[in-house]
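Letter by letter, the chains look like this.
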Amino acid sequence: MKLVHISDIHINPEPILGLDPVENFRKCLAHVEAHQGDADLIVITGDLTHHGRPGSYAMLKNILAGSSLRGAKAPRLLIGNHDDRENFTAAFPAAARDADGFIQWTEETTAGIFVYMDTVMQGEHGGSYCEVRRKWLESVLDEAAAQGKPAWLFMHHNPTTVHVANADLIGIREEAELKALLARYRGTVRHMFFGHCHFTLSGSTGGIPFSAPRSTNHACWPDFSGNAHRMGHGELQPNYNVCFLEGDDVVIHSVDFLDEDKVNWQETGEDGWIHEPDREASPRHSGLM
């Protein structure tokens, strides 16, 4: 299965930190259409807009409507801390909600059960996965385990400390409780996908692997100084992730979609190497890779 994971598009009619989020998301989507048209699923893990305003959701809806990514390939939309549940559901009335009104649902896929989670604490930048939501997740994972199907979790906020103080300041408030729950299902949960931090991340927590792409607009620099009250940003390349979920294997690539024009393509030999005309080099080490 081929999955495209996009996050933190921050649709807004005005620039953010000197960057145009609408233009950057259009370029991201165009790149996905041109190069990942064979993807089985596309997921955007929150911060769909910058201020959660109706006009920004209308802009996003128009962008998606003009895309060739429709029907089964239409991006699955999760909300983040910059979003507003009611304004989102007003713009996307078909959005799935659980019995308690949270924007979370499940989907059967060829790779297993995709679990889309709502980690938003309305009006706060930090996340929350409260007892009510944890009970919903527990029931979902119980069912997946009973069916012998792997589960893949998608959320906006980082579910564990990432050792960047500014990001950890606004992580999930009930981190310990969520991690305790997940530890019971480490044989069922195959991978966790999230965003929020705006820098590329990978690792594992409680034995469960995770990954996150940068924002498509204002990518951030991971700062290990311990200063929670500063954020590093600048002319850093945005990206999205391309994920291959095949049997027991998970392979994830980060694609810096604005760098496509910098790529030089060159034919290789039958052995896959680019050979340099250096007669003194040994045949074994004469390639460029």
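Worth saying up front: this structure is predicted, and the values here are computed from it rather than measured.

1. Focus: the sheet that holds strand β1 (residues 2-6)
Thought 1: Judged by pairing direction, the sheet is mixed, and its five strands sit side by side in the order β3-β2-β1-β12-β13 without closing on themselves. Looking along the sheet, the strands with just one partner apiece sit at the ends: β3 (76-78) and β13 (249-255). Each neighbouring strand pair of the sheet contributes to a mean axis angle of 20°, computed without reference to strand direction.
Thought 2: Judged from the four bridges that link them, β1 and strand β2 (residues 41-45) form a sheet pairing that is parallel.

2. Considerations on the state of the cysteines
Two cysteines form a disulfide when their sulfur atoms are joined by a covalent bond.
Thought 1: Tallied over the entire structure, the rule returns zero disulfides.
Thought 2: You can see Cys-220 has no disulfide; the closest cysteine sulfur is in Cys-197, sitting 8.9 Å from it.
Thought 3: Exposure remark for Cys-220: the relative accessible area of 8% places this residue in the buried category.

3. Considerations on the nonpolar core
Thought 1: In terms of nonpolar packing, the biggest core is built from 43 residues, with Ile-6, Phe-25, Phe-114, Phe-154 and Tyr-240 touching the most fellow members.
Thought 2: It is helix α1 (residues 21-35) that contributes the most residues to this core, five residues altogether.
Thought 3: Ignoring sequence-local partners within four residues, the contact set of Tyr-240 consists of Val-4, His-5, Ile-6, Cys-28, His-31, Val-32, Gln-36, Pro-213, His-253, Ser-254, Val-255 and Phe-257.
Thought 4: One finds Met-117, Leu-141, Val-162 and Leu-182 within the second-largest nonpolar core, a separate group that totals 30 residues.

4. Some remarks on the environment of Arg-173
Thought 1: Along the polypeptide, Arg-173 turns up in the loop between α5 (165-168) and α6 (175-183).
Thought 2: Taking the C-alpha atoms as reference, Arg-173 lies 9.7 Å from Thr-119; in sequence the two are 54 residues apart.
Thought 3: Residues contacting Arg-173, with those up to four places away along its chain left out, are Met-121, Gly-127 and Ser-128.
Thought 4: A polar atom in the side chain of Arg-173 sits 3.3 Å from the side chain of Glu-174.

5. Quick word on the packing of aromatic side chains
Any aromatic ring pair is given by two values, namely how distant the centres are and how the planes are angled relative to each other.
Thought 1: All told, the structure shown has nine aromatic pairs when counted by the stated rule.
Thought 2: Measuring from centroid to centroid gives 6.4 Å for Phe-114 and Tyr-116, while their planes differ by 80°, and the two rings are edge-to-face. For the residue pair Phe-114 and Tyr-116, the accessibility class agrees, reading buried in each case.

Scoring rules and cut-offs
Residues numbered from 1 in each chain as written. Predicted model: local features only at pLDDT ≥ 70, side-chain atom pairs only at ≥ 80, totals over all residues. Heavy atoms only, no water. Pairing = 2+ DSSP bridges. Helix = DSSP H or I, 4+ residues; strand = E, 2+ residues; numbered from the N terminus. Axes fitted to C-alpha atoms, helices over the stretch in contact; angles between N-to-C directions. Disulfide = S-S within 2.5 Å. Buried < 20%, exposed > 50% of the residue type's maximum accessible area, 1.4 Å probe, protein only. Core = buried A, V, L, I, M, F, W, Y, C linked by side-chain atoms within 4.5 Å. Contact = heavy atoms within 4.5 Å. Polar contact = N/O pair within 3.5 Å; in protein donor to acceptor, adjacent residues only side chain to side chain. Phe/Tyr/Trp six-rings, centres within 6.5 Å; stacked < 30°, edge-to-face > 60°.

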